[in-house]
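Here are the chains, one letter per residue:
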Amino acid sequence: MEFSGETTLKEVMENEKSKAVMEKHIPGCSNSPMLKMGYSMSLELIASLPQAGISAETYKAILNDLSKL
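- Per an unreviewed UniProt entry, the chain goes by the name DUF1858 domain-containing protein and belongs to uncultured Desulfobacterium sp.

Written out as structure tokens, the structure reads:
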């Protein structure tokens, strides 16, 4: 599977390798009680939400690592 900013959080978290990328950049994210609320959202949308607390640099690093999978 090819990952991009349009990939949904659910697609990322259901793949063990991409889930590990998310954990690398956002430790503990896979255990968040809020996780499933974002499953239908794209990574780009989630990263744009201030309450997500994901910096532009972190978002770029996640996409870069996902592109290597």
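### Section: the environment of Ser-67
- Position of Ser-67 relative to the elements: it lies in helix H4 (residues 56-67).
- Each C-alpha atom of the pair Ser-67 and Met-13 lies 15 Å from the other, and the pair is 54 residues apart in sequence.

### Things to note about helix H2 (residues 16-25)
- Ser-18, Val-21 and Met-22 are the residues of H2 that are buried. Viewed along the axis of H2, the buried residues span an arc of 95°, placing them on a single side of the element. What points out from H2, more than 90 degrees from its buried face, is the exposed set Glu-16, Lys-17 and Lys-24.
- Turning to H2, the residues buried within the fold contact helix H1 (9-13), helix H3 (43-48) and H4.
- The N-terminus of H2 is capped by Asn-15, whose side-chain oxygen sits 2.9 Å from the backbone nitrogen of Lys-17.

### Notes on the nonpolar core
- If you look at the biggest cluster of nonpolar residues, it comprises 16 residues, and the most contacted ones within it are Leu-9, Val-12, Met-13, Met-22, Leu-43 and Leu-66.
- Those elements that place two or more of their residues in this core are H1, H2, H3 and H4.
- The contacts of Met-13, once residues within four sequence positions are left out, are Lys-19, Met-22, Cys-29, Ser-30, Leu-35 and Tyr-39.

### Notes on the environment of Lys-60
- Locating Lys-60 in the fold gives a position in helix H4.
- Residues Lys-60 and Ala-47, spaced 13 residues apart in sequence, show a C-alpha to C-alpha distance of 9.8 Å.

### Concerning the side chain of Ser-18
- You can see Ser-18 is positioned in helix H2.
- Sequence-distant contacts of Ser-18, that is, excluding residues within four places in its chain, are made with Phe-3, Glu-11, Val-12, Leu-66 and Leu-69.

### Describing the packing of H2 against H4
- Here H2 crosses H4 at 155°, and the two axes come no closer than 10 Å. In terms of orientation, H2 and H4 fall into the roughly antiparallel class. Our pair here, H2 against H4, has a crossing hand that is right-handed. When H2 is examined against H4, the residues Ser-18, Val-21, Met-22, Lys-24 and His-25 are found in contact with a partner set consisting of Thr-58, Ala-61, Ile-62, Asp-65 and Leu-66.
- When the residues that make up the contact of H2 with H4 are grouped by side-chain class, the tally is five nonpolar, three polar and two charged.

Reading the values: the criteria
- Residues numbered from 1 in each chain as written.
- Predicted model: local features only at pLDDT ≥ 70, side-chain atom pairs only at ≥ 80, totals over all residues.
- Heavy atoms only, no water.
- Helix = DSSP H or I, 4+ residues; strand = E, 2+ residues; numbered from the N terminus.
- Buried < 20%, exposed > 50% of the residue type's maximum accessible area, 1.4 Å probe, protein only.
- Arc of directions from axis to C-beta.
- Contact = heavy atoms within 4.5 Å.
- Polar contact = N/O pair within 3.5 Å; in protein donor to acceptor, adjacent residues only side chain to side chain.
- Core = buried A, V, L, I, M, F, W, Y, C linked by side-chain atoms within 4.5 Å.
- Axes fitted to C-alpha atoms, helices over the stretch in contact; angles between N-to-C directions.
- Parallel < 35°, antiparallel > 145°, perpendicular 65-115°, else oblique.
- Left-handed = near helix turned anticlockwise from the far one by under 90°.
- Nonpolar A, V, L, I, M, F, W, Y, C, P; charged D, E, K, R; others polar.

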